[in-house]
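Here is how the chains run, residue by residue.
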Amino acid sequence: MLYNRLETVTFGRLKQAVQKICRRTFEEKTLGQIKTVYPAAYTFRQEKGLKCYDGTTKQSDYQLVVDPILHQNDASDTPRVKTLSDSQPQMSAQALLLRKDVFHSKLIDIVKEHHRKWLGMLELPVVIPDEQLLRWHPKFPLDKLPDIAPSELPEPPVVKTYSSAASVLEKARGMISERSAKALENVAASAPVAADKKPPETTVTLFPAPSSSAALKGISQTLLEKIRAKEAEKLERAMTRPETENKKLMMMSRLPDLARILRTYLTFF
């Protein structure tokens, strides 16, 4: 709506609108994750001197501006839109739906990539082409997937500040008197030098390897491999089975109960 009215869409205005409608927190990290999933959807820039709506940003500060990328001709992921004028394309309802479908399909592709890696880490790896995959593995930890890494957004221009006498001396050398330079050298020499400390490195395992249960001790390894192979084959068929076949199997599973009911009913005649 703001874009169609030719208004500048700042992150402050966008955040207020999204949180009011969705009742969820919307931060720049979320915007960076959207950029990671669908990089061709928006352009981002820092602009100064815009009106503020959040009450915390000054008008003289830089603000993040978000503009949707719209084209007349269809690109790989860009929907076709109708125009208000020759210079400004309109964000129509059809364009919104198409962009939503593209974003959803890209999210599914990311989950499929995690699912493919998880299937390869099983004791008996399963390989299923993406076009044949119709449902996730029953044990796939869908709710424990890592967050999408946010892409970098434009930062406001950095205003150089001087936090130590040494930095002031380096910048102002030759511009100040010899007496002032000597005083700054004495202050810089007496200032303690902070040692660089690196945080300890931590490794995170996305999908921990399955551990063998103590209850399987004493069972033949050949028998276990046969059981696991049959289970993997059964799960692979379940992940690639069409919905029509699922309905057919569900109806067939009800046949014994129906036969039992009919037999009980006919015995009275």
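So, a few notes on the structure that sits alongside this text. From a predicted model like this one, the values you see are computed outputs, not experimental measurements.

Notes on the overall build of the protein chain
The secondary structure content of the protein chain amounts to eight helices and two strands. Its helices and strands taken in sequence order, the protein chain reads α-α-β-β-α-α-α-α-α-α from the N to the C terminus. For the protein chain, buried positions account for 22% of its 269 residues. Put simply, of all contacts in the protein chain between residues at least 6 apart along the chain, 56% involve residues at least 24 apart. With an accessible surface of roughly 20,900 Å², the protein chain has 57% of that area assigned to carbon and sulfur atoms.

Here's the deal with the nonpolar core
If you look at the biggest cluster of nonpolar residues, it comprises ten residues: Val-111, Trp-118, Leu-119, Val-126, Ile-128, Leu-133, Phe-140, Leu-145, Ala-232 and Met-239. If you list the elements that add at least two residues to this core, you get α3 (93–120) and α6 (221–240). At three residues, the largest contribution of residues to this core is made by α3. Counting residues in each nonpolar core, the second largest holds seven residues, with Leu-31, Phe-44, Val-66 and Leu-153 among its members.

Looking at the packing of aromatic side chains
For the structure on display, the rule yields four aromatic pairs. Considering the side-chain rings of Tyr-42 and Phe-44, the 6.5 Å spacing of their centres and the 50 degrees angle between planes classify their relative orientation as tilted. According to the relative accessible area criterion, Phe-44 is buried, its value standing at 15%. On the numbers, 5.7 Å between centres and 70 degrees between planes, the contact of Trp-118 with Phe-140 is edge-to-face. Note that Trp-118 is positioned in helix α3 and Phe-140 in the loop between α3 and α4 (165–172), a separation of 22 residues in sequence. Lying across the ring of Tyr-42, Arg-99 places its NZ or CZ 5.0 Å from the centre.

Some remarks on the pattern of salt bridges
A pair can form between side chains of opposite charge whenever their charged atoms are brought close. Tallying each qualifying case throughout the model produces six salt bridges. Put simply, Arg-45 and Asp-67 hold a salt bridge, and the shortest N to O gap is 2.3 Å. You can see Arg-45 sitting in strand β1 (residues 42–48) and its partner Asp-67 sitting in strand β2 (residues 62–68), a full 22 residues away along the chain. The exposure class assigned to Arg-45 is partly exposed, which follows from its relative accessible area of 34%. Within this structure, Arg-45, Glu-47 and Asp-67 form a network of salt bridges that share partners.

Structural notes on the pairing of β2
Counting buried positions along β2 yields six of seven residues, so the element is predominantly enclosed. Pairing of β1 with β2 involves seven bridges; the strand directions are antiparallel. The residue bridging Tyr-42 from the neighbouring strand is Pro-68, located in β2.

Rules of the game
- Residues numbered from 1 in each chain as written.
- Predicted model: local features only at pLDDT ≥ 70, side-chain atom pairs only at ≥ 80, totals over all residues.
- Heavy atoms only, no water.
- Helix = DSSP H or I, 4+ residues; strand = E, 2+ residues; numbered from the N terminus.
- Buried < 20%, exposed > 50% of the residue type's maximum accessible area, 1.4 Å probe, protein only.
- Contact = heavy atoms within 4.5 Å.
- Areas by Shrake-Rupley, 256 points an atom, 1.4 Å probe, with all protein chains shown as cover.
- Core = buried A, V, L, I, M, F, W, Y, C linked by side-chain atoms within 4.5 Å.
- Phe/Tyr/Trp six-rings, centres within 6.5 Å; stacked < 30°, edge-to-face > 60°.
- Lys NZ or Arg CZ within 6 Å of the ring centre and 35° of its normal.
- Salt bridge = Lys/Arg side-chain N within 4 Å of Asp/Glu carboxyl O.
- Pairing = 2+ DSSP bridges.

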